[in-house]
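# Remarks on the overall topology
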Amino acid sequence: MTMVRLEKVNKSYGNVVALHQVDLSVEEGEFVTLLGPSGCGKTTMLNLIAGMIAPSSGRIHIAGKDATDIPANKRGLGMVFQNYALMPHMTIFENIAFPLRVRRMRSAEIKKKVSEVLDLVKLPHIANRKPQELSGGQQQRVSIARCIVYNPSIILMDEPMGALDKKLREQMQLELKRIHTELKITMLYVTHDQEEALTMSDRIILLNDGEVEQMGSPEELYFQPCSSFAANFLGDSNLMEATVKEMGKTLKVALCSGDEIWTRPAAFAAPGQKVKAMVRPENVNILRPEQQANGFDNRIKGTAIDSIILGGVIKHYVRLEGNATVVAQELTRTGRRALTPGEPVELAWRQDDTLVLPLVGKVVA
Ligand SMILES: Nc1ncnc2c1ncn2[C@@H]1O[C@H](COP(=O)(O)OP(=O)(O)O)[C@@H](O)[C@H]1O
Ligand SMILES: [Mg+2]
């Protein structure tokens, strides 16, 4: 069953267009992430689905029914916020029991339910504490417990890990994945953090300035971005201006440096057209004298600008003729040295790892 479906949804605040002609759907049991930079309309989208605000036009369907005019508290949704929103004077037990008391559940059943969800979020011993006696991570678990305790059909989360430090955030991401797998509940999760989206999602909906840029599995978005925006937002990429030379089973393009490289075929491209050629830094190799160049379709010469060691990976910045910069990324290994600025370098990568994208806008599927 389709749990959420937006049909040509528009939302403006005065002159500000927050969402434009949004069509999307979330299937039952899916973990879907709304991803995009700050201000692109993620919170607006979640609030529209939750029923906190109304669309300027378009329809919102929830669990097969048109819910556009149904008030928030009748939509059967759960919401988890970034600031936890726990009630400070109540114990954890009472915080979690609250939505059940509102629903007039019997007290023996409430006790059982609360203890079940506290087990699920791995906090069985804290029922009698107050929120301020818990760490940020524990409070976030409690707010998740309070949301799942009344079995909402969909859980909406707006940047719920925003206030946690990196280590804790990674731990909570895995926890949330586990809870999703155990309960098979539909989750719609908002984040501006690409790693978080890649870690948790069955599907990612990438938003750009109020419009859906691309939707698909993490793999699809990573390996087949539809635009420069998508290529840049998920992972790092080298985007080089180029002109289409030859078409066929593969494509040949000329870079501004004059070098010609082979790319994957692209239906939209025509000879003479200006495009962007894209290759991920991790696919670009620095050819060393001892290394065989076999298997690399593209080889170009450049000059080292600098190298930066970022722990597990090392990034090499190389300037091409005509001033474009290409980044090559390698795993840091003992003996692998940084490049000396000014040193001549040969870069090599595979045609299969090279895409062409439109200069502006996106590839329409
Ligand atoms: N209540 C509001 N009044 C006016 N403009 C708003 C309001 N809420 C959001 N906006 C604007 O709508 C756009 C989308 O905002 P928002 O949905 O909060 O983005 P995100 O959650 O992706 O950061 C932004 O330009 C923001 O300034
Ligand atoms: Mg927001």
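Notes on the structure in this doc start here. (Residues numbered from 1 in each chain as written. Chains lettered and ligands numbered in written order. Predicted model: local features only at pLDDT ≥ 70, side-chain atom pairs only at ≥ 80, totals over all residues. Heavy atoms only, no water.)

## Focus: the pairing of strand 19 (residues 344-349)
- With 5 of 6 residues buried, strand 19 lies mostly within the body of the structure.
- Note: strand 15 (residues 285-287) against strand 19, 3 bridges, orientation antiparallel. Bridging from a neighbouring strand, N285 pairs with A348 of strand 19.
- Here strand 16 (residues 298-309) runs beside strand 19; their pairing, made up of 6 bridges, is antiparallel. Counted as the bridge partner of T303 is P344 from strand 19. (Buried < 20%, exposed > 50% of the residue type's maximum accessible area, 1.4 Å probe, protein only. Helix = DSSP H or I, 4+ residues; strand = E, 2+ residues; numbered from the N terminus. Pairing = 2+ DSSP bridges.)

## A look at the site of ligand 1
- Every residue near ligand 1 is listed here: Y13, V16, A18, P37, S38, G39, C40, G41, K42, T43 and T44.
- K42 has a polar side-chain atom sitting 2.9 Å from an oxygen atom of ligand 1.
- Side-chain polar atom of T44 to an oxygen atom of ligand 1: 2.5 Å apart, as the coordinates give it.
- Surface burial for ligand 1 is 59%, taken as the share of its 570 Å² of free accessible area covered by protein chains.
- Mapped by element, the contributors of at least two residues to the shell around ligand 1 are strand 2 (16-27) and helix 1 (42-50).
- If you tally residues by element for the shell around ligand 1, the top one is helix 1, at 3 residues. (Near = heavy atom within 4 Å. Polar contact = N/O pair within 3.5 Å; in protein donor to acceptor, adjacent residues only side chain to side chain. Areas by Shrake-Rupley, 256 points an atom, 1.4 Å probe, with all protein chains shown as cover.)

## Things to note about the layout of surface pockets
- If you add up the space inside the largest pocket, you get close to 540 Å³.
- Taken together, 19 residues line the largest pocket, and the ones lying closest to its centre are L77, G78, M79, R103 and Y150.
- For the lining of the largest pocket, the secondary-structure elements that each account for two or more residues are strand 6 (77-80), helix 2 (92-102) and helix 4 (136-148).
- Here the residues of the lining of the largest pocket sort into 12 nonpolar, 4 polar and 3 charged. (1 Å grid on protein atoms, 1.4 Å probe; cavity = no way out; pocket = protein on both sides within 12 Å on 5 of 7 lines; lining within 4 Å. Points joined across faces, edges and corners; volume = space filled by probe spheres on them. Nonpolar A, V, L, I, M, F, W, Y, C, P; charged D, E, K, R; others polar.)

By themselves, these observations are geometric and do not establish any function.
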